[in-house]
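# Structure at a glance
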Amino acid sequence: MSAANLPQPAASDSVRMIRLMGSVSLICGLLIVGTHIGTMEPIRRNQEFITKETVSALLPGVDKQAVYSLVNGDLQPGAQPNVPVLYAGFDKQGALIGVVIETSERGYADTIKAMYAYSPDLQAITGFQVMELKETPGLGDKITKDPAFLDNFKKLDVTAGPDGKPAHPVVTVKHGTKKNPWEVDAISGATISSRAVGRMLAKSTATMLPLVRKNLDRIRKGN
Amino acid sequence: MPKLTAEIQLRTSPHLHTPRSVEMIMRHVVYAMLPLCAFGIYVFGISVVALLAVAVAACLATEHLCCHLAGRASSINDWSAVITGILLALTLPPGFPLWMTAVGGFVSIALGKMLFGGLGMNVFNPALVGRAFLQASFPVAITGYTPALSASRFTEFIPTTLTFPFLQPPSLTAWITAARVDSFAGATALMQQKFDRVTVELLPLFLGYESGSAGETSAILILLCGAYLAARKFLDWRIPVAMLGSAALAGQAFHLLNPAVYPNGAFVLGSGGLMLGAVFMATDMVSSPTTPLGVWIYGALMGLITVIIRFLGGLPEGVMYSILLGNAVAPLIDNITQPAIYGARKKAKVTA
Amino acid sequence: MPHDHGQPAPSPAENMEAFLDGLWKQNPVFVQVLGTCPTLAITNSVSNAVAMGLATLFVLVCSNALVSAVRKLVPKQVRIATYILIIATFVTIVDYLIKAISVAVYKALGPFIALIVVNCIILGRAEAYASKNPVGKSILDGLGMGIGFFIALFSLGSVREILGAGTFLGFPLFGPNYQPWVLFLLPPGGFFTLAIWLMVFAAWKDRKKRREVKTMAEAA
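All figures in this text were calculated on a predicted structure; none of them were measured in a lab. (Residues numbered from 1 in each chain as written. Chains lettered and ligands numbered in written order. Predicted model: local features only at pLDDT ≥ 70, side-chain atom pairs only at ≥ 80, totals over all residues. Heavy atoms only, no water.)

A separate point is the overall build of chain B. Summing up its helical and strand segments, chain B has 14 helices and 0 strands in all. The helix and strand sequence of chain B, counted from the amino end, reads α-α-α-α-α-α-α-α-α-α-α-α-α-α. Counting every position in chain B, which comprises 352 residues, the buried fraction comes to 53%. For chain B, long-range pairs separated by at least 24 residues make up 77% of all intrachain contacts whose partners lie at least 6 apart in sequence. (Helix = DSSP H or I, 4+ residues; strand = E, 2+ residues; numbered from the N terminus. Buried < 20%, exposed > 50% of the residue type's maximum accessible area, 1.4 Å probe, protein only. Contact = heavy atoms within 4.5 Å.)

See below:
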């Protein structure tokens with residue numbers, strides 16, 4: 001069957017079609033733009049609120065926050081898309097409490113995204129919070145809430161070695177065998193997810209902490 | 001329409017008179033599994049007795065119920081449900097809660113077999129369908145392994161066995177500490193190898209005095225029982241040979257590439273459910289291919305997938321999924337390995 | 001089951017039928033088995049199912065109304081393109097609205113909000129109903145189908161959350177020792193639950209048909 005057999009719309013039909021599509025598009029466009037403008041403010045507030053909440057939960061006592069992006073191995077103020085972002089938290093007197101760094105790693109099912117707090121004064125990880133995960137419910141997702149597991153990150157040692165990276169990389173060990181301050185005690189029955197957390201911290205601290213240390217004076221001043 | 005009576009049987013040729021019937025083959029497979037059951041009971045105690053009894057009873061009851069619902073004669077007398085029950089029990093940890101075992105038996109038969117139309121129609125090995133369901137539903141309970149040869153195994157049940165239906169099994173840690181035989185850490189040889197890079201000694205592994213599922217521990221005993229069935233031609237010896245061979249070769253290749261991380265081929269053969277799977281599950285007549293070449297491909301594919309899942313995947317054991325995948329592609333393998341019909345020639349390519 | 005395509009002289013009884021058809025007799029999921037992608041993917045908890053059901057209901061009603069309003073103006077050749085344009089508009093609006101209401105819900109629904117646009121129920125109703133019926137009846141049809149879809153998602157979500165987590169809308173039902181059937185929260189659980197519901201519906205319909213045949217035989 002060829003196109004010639006189909007009824008061909010006359011020229012006036014084409015004009016009618018274009019006019020109709022044009023007006024429907026106009027109505028639809030107006031509807032979308034209207035909604036976009038109307039919801040812009042609440043959406044921005046929502047997203048900011050979530051990050052702010054997480055940063056304050058990870059750095060207790062935080063009063064003011066500053067955002068930095070990692071661009072070509074250098075820290076730049078302000079959040080930029082598609083690059084690692086870190087947040088600095090200051091207390092009421094303006095002194096730096098710590099920085100919060102985003103990280104991710106492949107877990108048992110899909111990527112786990114998380115944030116952790118690093119204190120330059122203690123040279124330790126002082127908090128850890130999972131932002132997104134698809135781990136098995138009731139098993140792998142214990143890494144978000146298991147209190148004993150989260151206790152690992154109250155003061156996890158990442159003291160710098162000679163090259164600026166942690167002297168002892170963070171490592172997950174079998175449940176109940178934690179001996180050193182840089183080890184993470186795995187959740188029994190959720191070894192794979194626990195290990196993913198250890199790996200993501202080891203990787204992220206190896207690249208981010210030297211940078212943070214290099215720029216520490218700048219961050220402390222807040223610019 | 002007059003009802004057909006049993007006296008007239010319409011069959012296609014060849015009209016061979018053979019004493020072999022489905023019922024007889026199935027019965028012999030059950031006989032061949034009895035030594036494994038006995039050994040499982042010897043190593044893990046009375047919990048395995050209960051496990052086997054519940055699994056078989058659940059399978060038989062489900063088969064009877066499904067036949068009743070479908071309005072046809074009950075097929076529980078052909079022994080195939082008994083095989084499914086025993087196989088399911090042998091792949092579970094010895095202290096697996098009995099109510100979960102019953103759920104597994106129900107799913108095996110109802111979902112894995114009867115929904116497809118009963119014996120001979122199932123796409124997948126029914127016992128493995130049940131086990132896959134259990135693994136996805138109760139991932140914690142199904143990794144609750146207990147030590148082998150504990151002193152009190154003939155006088156008391158493992159505490160998780162008698163869990164009240166629909167409730168969580170209790171923690172095993174305290175019980176294992178009390179019953180401890182050696183430095184058992186609640187892990188099978190495979191788990192220790194994968195997560196802690198500790199390779200256990202090979203001899204106990206092959207003899208079967210190791211922690212693991214109820215019936216998959218003794219590689220040597222499984223091989224002997226399999227050899228009996230193969231000698232009587234109740235199973236196709238090519239499938240286990242191909243599967244074990246390819247698994248050992250692939251494992252050894254990985255080992256040579258990086259001996260620190262990957263165990264050698266012998267460990268691959270002796271650990272986990274590979275032997276049991278290769279001998280008793282992959283050889284399921286319904287869900288495996290029928291052509292001689294197809295059978296080799298099928299076995300080799302499953303062995304390779306097992307090693308890939310074990311070494312590169314997230315799980316410590318991959319036999320179950322590799323056999324299920326093998327079952328899924330079996331019709332395809334059959335299709336591409338059809339022998340040429342005698343006298344027929346391949347069609348020459350039509351050129352325009 | 002034939003639809004009353006057509007003559008725009010709706011009586012209240014006809015309106016009622018347009019509404020009730022989608023709810024039960026022509027339920028988009030349980031009877032027509034349409035839109036199974038969101039049905040399987042987004043029903044792992046009651047709250048997700050409710051959010052998805054409401055979003056689809058909104059899009060269905062709005063697009064039915066607008067499609068019906070322009071039905072006499074749209075030339076045959078570009079009708080599908082016009083319908084998709086209208087549907088996509090309302091999906092985008094829903095996307096913004098959900099993001100503004102709750103980021104948590106937005107994250108849980110993920111790409112499936114955008115995929116409402118290809119949910120065949122919506123284009124199906126636009127083509128089969130809204131393009132042939134007046135605005136009022138089309139809105140009623142959209143409401144009926146949308147609520148029917150909502151009911152289906154809600155039934156699946158309830159079964160999956162109760163079995164898979166032992167909770168309903170987050171409230172624990174069976175105490176702390178209940179063993180959750182994790183499978184029902186995972187994708188295969190979606191298939192199993194949908195299959196169980198379809199089986200229940202098939203059995204119910206089968207029974208009804210048999211009873212009708214019996215009464216007819218008795219009458220004759």
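Looking now at the packing of aromatic side chains. Across all of its chains, the model carries 22 aromatic pairs over all chains by this definition. Taking 5.4 Å as the distance between ring centres and 70° as the angle between the ring planes, the aromatic pair formed by F138 of chain B and W181 of chain C counts as edge-to-face. Within this pair, whereas F138 of chain B is found in the loop between α5 (126–137) and α6 (173–179), its partner W181 of chain C is found in the loop between β2 (171–172) and α8 (187–219), the two belonging to separate chains. Of the aromatic side chains, those joined through ring pairs into one cluster are W99, F133, F138 and F166 of chain B together with W181, F184 and F192 of chain C. Over the ring of F90 of chain A we find K64 of chain A, and its NZ or CZ is 4.9 Å from the ring centre. Geometry around Y42 of chain B places R153 of chain B over its ring, the cationic atom sitting 5.2 Å from the centre. (Phe/Tyr/Trp six-rings, centres within 6.5 Å; stacked < 30°, edge-to-face > 60°. Lys NZ or Arg CZ within 6 Å of the ring centre and 35° of its normal.)

Once that is clear, we can look at the side chain of T84 of chain B. The topology assignment puts T84 of chain B in helix α3 (residues 80–90). If we ignore the near neighbours within four places in the chain, the residues touching T84 of chain B are C59, S108, I109, P126 and A127 of chain B.

Now for the pattern of salt bridges. Opposite charge on two side chains permits them to pair, given that their charged atoms come into close proximity. For the structure on display, the rule yields 15 salt bridges over all chains. As a salt-bridge pair, K113 of chain A and E132 of chain A come within 4.0 Å of each other at their nearest N and O atoms. Taken together, the positions of K113 of chain A in strand β5 (residues 111–119) and E132 of chain A in strand β6 (residues 124–132) put the pair 19 residues apart, joining distant regions of the chain. Judged by relative accessible area, E132 of chain A falls into the partly exposed class, the value being 34%. Among the salt bridges present, the one from D141 of chain C reaches R125 of chain C, with a minimum N-O distance of 3.0 Å. Pair noted here: D141 of chain C is in helix α7 (residues 135–165) and R125 of chain C is in helix α6 (residues 120–128), with a separation of 16 residues, a long-range link. Given the relative accessible area of 2%, D141 of chain C is considered buried. Using a relative accessible area of 5% as the deciding quantity, one classes R125 of chain C as buried. (Salt bridge = Lys/Arg side-chain N within 4 Å of Asp/Glu carboxyl O.)

Our next topic: the interface of chain A and chain C. Taken together, the 21 residues of chain A in the interface contact 25 residues of chain C. Summing both partners gives a buried area of about 2100 Å² for chain A against chain C, and 79% of it is carried by carbon and sulfur. At the boundary of chain A and chain C, one finds 0 salt bridges. If you tally residues by element for the side of chain A that touches chain C, the top one is helix α1 (residues 11–58) of chain A, at 17 residues. Among the residues making up the side of chain A that touches chain C, the classes are represented as 12 nonpolar, 7 polar and 2 charged. (Buried area = accessible area lost by both parts, 1.4 Å probe. Nonpolar A, V, L, I, M, F, W, Y, C, P; charged D, E, K, R; others polar.)

Our next topic: the layout of surface pockets. Counted as a void, the second largest pocket has a volume near 1000 Å³. If you trace the second largest pocket, you find 30 residues lining it, with T51, V85, Y87, E102 and M115 of chain A closest to the centre. Within the residue set of the lining of the second largest pocket, elements represented by two or more residues are α1, β1 (64–71), β3 (85–90), β4 (96–106), β5, β6 and α3 (191–214) of chain A together with α5 (103–109) of chain C. Here the lining of the second largest pocket takes 6 residues from α1 of chain A, the largest share from any one element. Residues that form the lining of the second largest pocket fall into these classes: 14 nonpolar, 9 polar and 7 charged. (1 Å grid on protein atoms, 1.4 Å probe; cavity = no way out; pocket = protein on both sides within 12 Å on 5 of 7 lines; lining within 4 Å. Points joined across faces, edges and corners; volume = space filled by probe spheres on them.)

Here we come to the domain arrangement of chain B. Residues and elements named next belong to chain B. For chain B, the domain assignment lists domain 1 (22–144 + 146–186) and domain 2 (188–335). The centre of domain 1, based on its C-alpha atoms, is set 20 Å off from the matching centre of domain 2. Contact with domain 1, which involves 40 residues of that partner, is made by 35 residues of domain 2. Together, the buried faces of domain 1 and domain 2 total about 3000 Å²; carbon and sulfur atoms form 75% of this surface. (Domains from an automatic or database assignment.)

Right, let's get into the packing of helix α2 (residues 46–70) of chain B against α3 of chain B. Residue and element names in this part refer to chain B. For the pair α2 and α3, the least separation of the axes is 8 Å and the interaxial angle reads 140°. As α2 packs across α3, the resulting crossing turns out to be right-handed. For the pair formed by α2 and α3, the contact residues are L51, L52, A55, V56, C59, L60 and E63 on the first element and S80, A81, V82, T84, G85, I86, A89 and L90 on the second. In terms of residue class, the contact of α2 with α3 is built from 11 nonpolar, 3 polar and 1 charged. (Axes fitted to C-alpha atoms, helices over the stretch in contact; angles between N-to-C directions. Left-handed = near helix turned anticlockwise from the far one by under 90°.)

We now examine the pairing of β6 of chain A. Residues and elements named next belong to chain A. Pairing of β5 with β6, which is carried by 7 bridges, proceeds in the antiparallel orientation. Considered in β6, the bridge of M115 is made with Q129. Two successive antiparallel strands, β5 and β6, enclose a turn made up of 4 residues, where Q123 displays a positive phi of approximately 50°. Across 2 bridges, β6 lies against strand β7 (residues 156–157) in antiparallel orientation. (Pairing = 2+ DSSP bridges.)

Here we come to the side chain of S45 of chain C. All names here are of chain C. Here S45 lies in the loop between α2 (36–41) and α3 (46–69). S45 gets classed as buried once you look at its relative accessible area, which sits at 16%. Non-local contacts of S45, meaning those with residues more than four positions away in its chain, are made with G157 and E161.

The next point concerns the environment of I176 of chain B. Along the chain, the position of I176 of chain B falls in helix α6. Taking the C-alpha atoms as reference, I176 of chain B lies 39 Å from W237 of chain B; in sequence the two are 61 residues apart.

What follows deals with the nonpolar core. Judged by nonpolar contacts, the single largest core of 79 residues is most densely connected at I86, F96, L134, M243, F280 and I323 of chain B together with W181 of chain C. Broken down by element, the residue count for this core peaks at 12 residues, all from helix α1 (residues 22–44) of chain B. Leave out the neighbours within four places in its chain, and M243 of chain B touches L274, A278, A282, G299, A300, M302, G303, T306, V319, S322 and I323 of chain B. Grouped together as the second largest cluster of nonpolar side chains are 42 residues, C62, V70, I93 and A126 of chain C included. (Core = buried A, V, L, I, M, F, W, Y, C linked by side-chain atoms within 4.5 Å.)

Residue and element names in this part refer to chain A. Across the sheet, 7 strands lie side by side as β2-β1-β3-β4-β5-β6-β7; this open sheet has antiparallel pairing. For this open sheet the edge positions go to β2 (74–77) and β7, each flanked by a neighbour on one side alone. Relative to β4, β3 runs antiparallel, the two sharing 5 bridges. If you follow Y87 over to β4, its bridge partner there is V100. Across the sheet, α3 touches β1, β2, β3, β4, β5, β6 and β7, and the angle it forms with β4 is around 135°.

Residues and elements named next belong to chain B. Together, Y42, F154, L203, L207, Y209, I220 and L224 give the surface a local cluster of nonpolar side chains, amounting to about 690 Å² of exposed area. Of all the secondary structure elements, the ones that give two or more residues to the nonpolar patch are α8 (202–207) and α9 (219–231). Relative to the helices and strands, L224 is located in helix α9. Taking relative accessible area as the criterion, L224 reaches 55% and is therefore assigned exposed. (Patch = residues over 30% accessible without salt bridge, like charges linked within 9 Å, V, L, I, M, F, W, Y side chains within 5 Å. Areas by Shrake-Rupley, 256 points an atom, 1.4 Å probe, with all protein chains shown as cover.)

You will see that W79 of chain B, though not glycine, has its phi angle at about 70°, which is positive. With respect to the secondary-structure elements, W79 of chain B resides in the loop between α2 and α3. Classification of W79 of chain B as partly exposed rests on a relative accessible area of 29%. Of note in this structure, V33 of chain C is not a glycine but carries a positive phi near 50°. Tracing the backbone shows V33 of chain C in the loop between α1 (12–25) and α2. Using a relative accessible area of 40% as the deciding quantity, one classes V33 of chain C as partly exposed.

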